[in-house]
Structures are given as C-alpha cells and as structure tokens.
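Structural features, examined
So you can see what is in the structure, the chains are spelled out below.
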Amino acid sequence: MPFVEEPDDDESTVDDENAVDDGIAVDERAFLDSLPRRLQIVDARSPLTRDGLPDRTECGKDPELGAAAQRVWDAEKSSARALAGRYRALAELFDCEREDDEDEEDVTTARAAIALRVTHGVARWELRSAHRAAHHLPRTFSLLEGGRFPSWWFQRMVRESEDLSEESRRQLDLAVATWSTDIPVDRFITLLGALVGLLARREEELEEAPPLPREITIAPDTTRGAGSLVARGPIPEILAYWKRLDESARAIQAAQRKALRDDTEIPYDVDDLVTSTGRPLPLDRLRYELQLNATFDTGDVPIPGPRFRLNVTVPALTLRGASDAPGMLDGTTPIPPEMARLLAGGQETWFRVLTDPCSGAFLPLPADRYQPSQTMLEHLRLRNATCAVPGCTRPASWAAECDHLEEFDHEHPERGGRTELENLHMLCWQHHQDKTAGLLDPARIPTATREPGRTRWRLGRTGDHAIVADDVDLATRIAVEELEAAWRTHLARRTQRTAQGATQAGTEKTATKDADPATTPASLPAPPPEPPPEPPWSLRPESPPGPCDPEDPPPP
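Keep in mind that this is a model prediction, so the values were computed, not measured. (Residues numbered from 1 in each chain as written. Predicted model: local features only at pLDDT ≥ 70, side-chain atom pairs only at ≥ 80, totals over all residues. Heavy atoms only, no water.)

**Structural notes on the sheet that holds strand β10 (residues 464–469)**
To keep it simple, the criterion reads: Strand pairing is defined by DSSP finding a minimum of two bridges between the two strands. In DSSP terms, a helix is any run of H or I states spanning at least four residues, a strand is any run of E spanning at least two, and both are numbered starting from the N terminus. Only the contacting stretch of a helix is used when fitting its axis, a line to C-alpha atoms as for every element, and angles between N-to-C directions run 0 to 180 degrees.
The 3 strands lie next to each other as β8-β9-β10, forming an open sheet whose pairing is antiparallel. Each end of this open sheet is capped by a strand with a single partner; those strands are β8 (440–445) and β10. On average, adjacent strands in this sheet sit at an angle of 25 degrees to one another, irrespective of strand direction. One ladder, built from 6 bridges, connects β8 with strand β9 (residues 454–459); its direction is antiparallel. Looking at the pairing, I445 lines up with R454 of β9.

Here you go:
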C-alpha cells in the first residue's frame, strides 16, 4: 500500500509548498527556463515529515528518542519563525533611516548594537542582512516566516548572496523557492553555491569587473599574544614583492653562515640570536624583521609624530613574578605575563598609573584649561581604550579625538564645561560629528568615590538611552583575589594549628588526671582565642581603612 500523509496546518506537501505561483511574471519564467536542469528541478526522493522523522533518524524502536527528535523538529520551526521576526524588526529599523540625513545611519547602528548587545560592525551587518532578507528574498522569507524553510539554510543564502546585485538576489530567491526543502543539506549547499556562482558570472558579463583590491589589514590570530597582517593585491605585484623579500632574507642568511664559518662580525644579528645559538636566523624570522623594520618612502610629505604612546599596562605583582595576571596592550589586547615582563624589562622609562586597589578604577588627575594635558589624554585612553559610544570598537589610540561632554565656555569658563577628566572622553571622528550634530548626547552620572564612572547616552532625537561604565584595570581585581585567597589559606592553617594545640592539651590533661594532686600544679584557664583579623585589602565596603583608602592609593 503506498504511503500517503495528510499535511498539517503549517506544513504542506512538496507539490504545493514550493510551487511557483501562477501569477509569475514572464521575465521571471524566462529566467527559470534559462537555468541548467539540475538547478530548475530540485526534488527529494521522499518527503521529510514530522511523523516520519523517527523512522528517518533510525530511532523508531525507541519512543523517547523519536519524541526527542520531533521536539527538535518543532524547535527548528520555532527558530525559523523567530529568525524571520528578528529580520523583520531589524529591517523596519533600517527602513526608518532618513535618506537625506547621512548621520542617521550611524545612530541607527548604535540603536541596533545596544538592542542586540553586539558591536557596531556586527550590528551594521545585521541591519543590512535583514534589509536584504525582507526585501530582496521575499519568497523564501515568506517560507521562513511560516516555519517551512530551515533557518540555517536561509542564513546561508543571505551570507552567500551578499556580493550579488539586488536583481540577482531576487532571481536567486525565485529559483530557491521552487526547490524542495526535503533534500539533504549537503545537496542544498552544493546547488546554492552553483546558483550563486552562475549569477555572479552573468553579472561579470554585463558589467566591467571591479578593480582588484590593494590593501594590508590586521587579522585576528588564535595564538596567544600574536597578531597577523594580511596583504591582498594583484597576484603579479604580490609575487614580485615576495620575491624581493625572500631574496633579501636568503642573502642575509648566507652572509650569517659565512660569518659563523669565518668567525667574523655577524650581519643583521637580531637580539644576538645568531651569536647565542651559533646558527643563522630562519628565513621566516628574517622576512618578518625585514618587513617590520622597513622604512617608508613618502617623498616630501612630512609624517607627524605619534599622537599617543603604545601603552602596555603591566601589574606590579606581575613584574615581580608574584602574579600571572596578564598585561594589556592599549587596554584592549591581553598579552601573556612573560611577554609583559620582557617588554617592561627592555624600557628605560616607566609611567606609574594609580588605580583604586579595590575597584580597579583609574584615579583622576585635575586640570582646569581647555586643551587637555598629555597625562589626561593617556588617562582617557586607559579609561576608554575604544570610542566611548556604546558598541563602537574604533581604537582611541589613532582613530579618536578628545571631546568635552559639556561644551567648554570659552568666554566664561567658570560657568561649566571644565577641562577635567569627568567631563572628557574619547570619540572617533564619525561619532564626534554625530555629537556635534546633536544626534548623540552624553552626560556623566554621579557615582561613589570608589566606583567606576558611568555615562548616560541619548541616541538620536527620540530619547533612546544607554548607560556605559568606564573601563577598569582588571588586573587589580585579579591581584586582590589572589591576596584574599592567600589570606584565607593563612587563616585555615592558623585554625588547624590551634585545633592541633587544643588536642595536645586535652591529651596531657587526661594523662595527669590520675596524678598526685600534691605534686600537680594547679592549671590556669586558657585565654580565649583571638578572632582572626580581616584582610586590609578586602573588597567588602565595611572593610576598615587601610591600603584601599582613596586618599592614599598605592600604585598597581
């Protein structure tokens, strides 16, 4: 007897679920006919349904496993509907931007970043993806809203069609909407890649190919304490540069081998590694040193000096080897303690930065002029290593400007807007313009002496608010935790010794109970045990005054 299944309310068979509308336009029908047959007719051998899922997943003999698989099926449908709702809401937020206001786009990104709890870059990508999903992929988006299109499939479509034109995305949506969603995922990935590639080639035939990129970017690296640079450009130029770099490194390596053999002065002996090891430097290290120490030929263009130092913040206990708390590079990138010690040991000048030993907040320095001092700028970079706007990740070291929260009154400075740390922050150039245009309005919130400062931000002109806390020195808290752990260990050992002494005293008392009272001296009562003192660095607010007093803060 053939297998026949009645469709659910939210589920239909392959024939009517993914069929093309009768009202399809003539040009759209022509596009479908122009596709290869394997991209036109995409059907499954058998339908994939909720009731048939236990048998398909080979757990039909175990009712509990089958029920669990069906719950996963239901969860995926809910996930698809939730993803569609997320895209719909983001698309509405994206569509609310005014075309005549260029600054509105960045404020919309800030709103989305706060709502999604992501950075500005991620929020901008989410907004654009949602706009493409709702407006450029309407057919598959409608299936997603009904829970009839897998959420992961749709996200894959959005991601792979990012570089296509709007017209090509609509054609992609038209074709994929005719495919059966019962096919295996590997087949969907293969067909989707083939269709995206076909549409991209058709675009190249109609339009002139864009110029190849020429750029060098910094890339994330999974190795602790390491970074990476990625150079992209036309392959002849990249190969020519690599050839020059490689030949230079090989020439230096050959000269180092000759110097070692003839016992003469070793050329390009970085950190005396050749002298100490008796072997020439590896080619990879030589290429790195040559590229890193290369000079830039800028012609007659003067290059200004750096606006800031490259700060490496190292806890004092880490320098002494008493702690493994990491150092921080520019307040954003942790570096291993051994690397921090090595960097600190190679410097002749150190700058002491005072922090509250309990909260880790950087202690302020007073100033009363319009232009902030260099010390204040360094402090602001420690307090906010990136742009102070919520979610913005632009670094404060080279892409930010110092800004007054309350505008400085040049005619009457005593009326407010003083140049003091509580009234200053670092803003990237884009957000500095937005604040000047009135789209961003920050205000400092009064806090207790030992608490990190906080800023309330009004985003846009509708009164949306977000509160951001200042950065703190995380190594301070790590050091305090280590000191408290050592203090608890000390108290435990002290209590153990007291208990052992009491046990010994009880044994001696039992041994002398039967002795002659005339020869046994009268025993005196033992003094009461002293309560264990509290550690002076305790994080509790009721701690007695000690090294944590803000009036006399120690260096970190």
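From this point, things continue past the structure.
**Points about the pattern of salt bridges**
In a structure, side chains of opposite charge can pair up when their charged atoms sit close to one another. Applicable threshold: Every case where a carboxyl oxygen of Asp or Glu lies within 4 Å of a side-chain nitrogen of Lys or Arg is listed as a salt bridge.
Within this structure, the stated rule accounts for 18 salt bridges. The salt bridge partner of E215 is R232, with a shortest N-O separation of 2.5 Å. Note that E215 is positioned in strand β1 (residues 215–219) and R232 in strand β2 (residues 228–232), a separation of 17 residues in sequence. Several salt bridges share partner residues, and in doing so they unite D246, R250, D284 and R287 into one network.

**Comments concerning the packing of helix α5 (residues 63–95) against helix α6 (residues 104–116)**
Convention followed: Angle categories: roughly parallel below 35 degrees, roughly antiparallel above 145, roughly perpendicular from 65 to 115, and oblique for all the rest. Handedness of a crossing is defined here by the sense of rotation of the near helix relative to the far one, left-handed for an anticlockwise turn of less than a right angle and right-handed for a clockwise turn. Throughout, a contact is declared for two residues whenever any of their heavy atoms are within 4.5 Å. Residues are grouped as follows: nonpolar covers Ala, Val, Leu, Ile, Met, Phe, Trp, Tyr, Cys and Pro; charged covers Asp, Glu, Lys and Arg; every other residue, Gly included, is treated as polar.
Between α5 and α6, the least distance of the axes is 10 Å, while the angle of their chain directions is 155 degrees. Relative to α6, α5 is oriented roughly antiparallel. Two packed elements cross with a definite hand, and for α5 against α6 that hand is right-handed. On α6, the residues that touch R86, L90 and L93 of α5 are T108, A112 and L116. Across the contact of α5 with α6, the residue classes tally to 4 nonpolar, 1 polar and 1 charged.

**Focus on α5**
This is how the line gets drawn: What a helix is expected to span follows from its residue count: subtract one and scale by 1.5 Å. N or O atoms within 3.5 Å of each other form a polar contact, as long as, within protein, one can give a hydrogen and the other can take it, and as long as residues adjacent in sequence are counted only when both atoms are side-chain atoms.
Taking 1.5 Å of rise per residue, the 33 residues of α5 would be expected to cover 48 Å, and the 48 Å separating its terminal C-alpha atoms lies within 8% of that figure. Lining the buried residues of α5 we find α4 (53–56), α6, α7 (120–136), α8 (138–145) and α9 (151–160). Put simply, D62 is the residue that caps the front of α5, since its side-chain oxygen is 3.1 Å from the backbone nitrogen of E64.

Function cannot be inferred from these measures alone, as they are strictly geometric.
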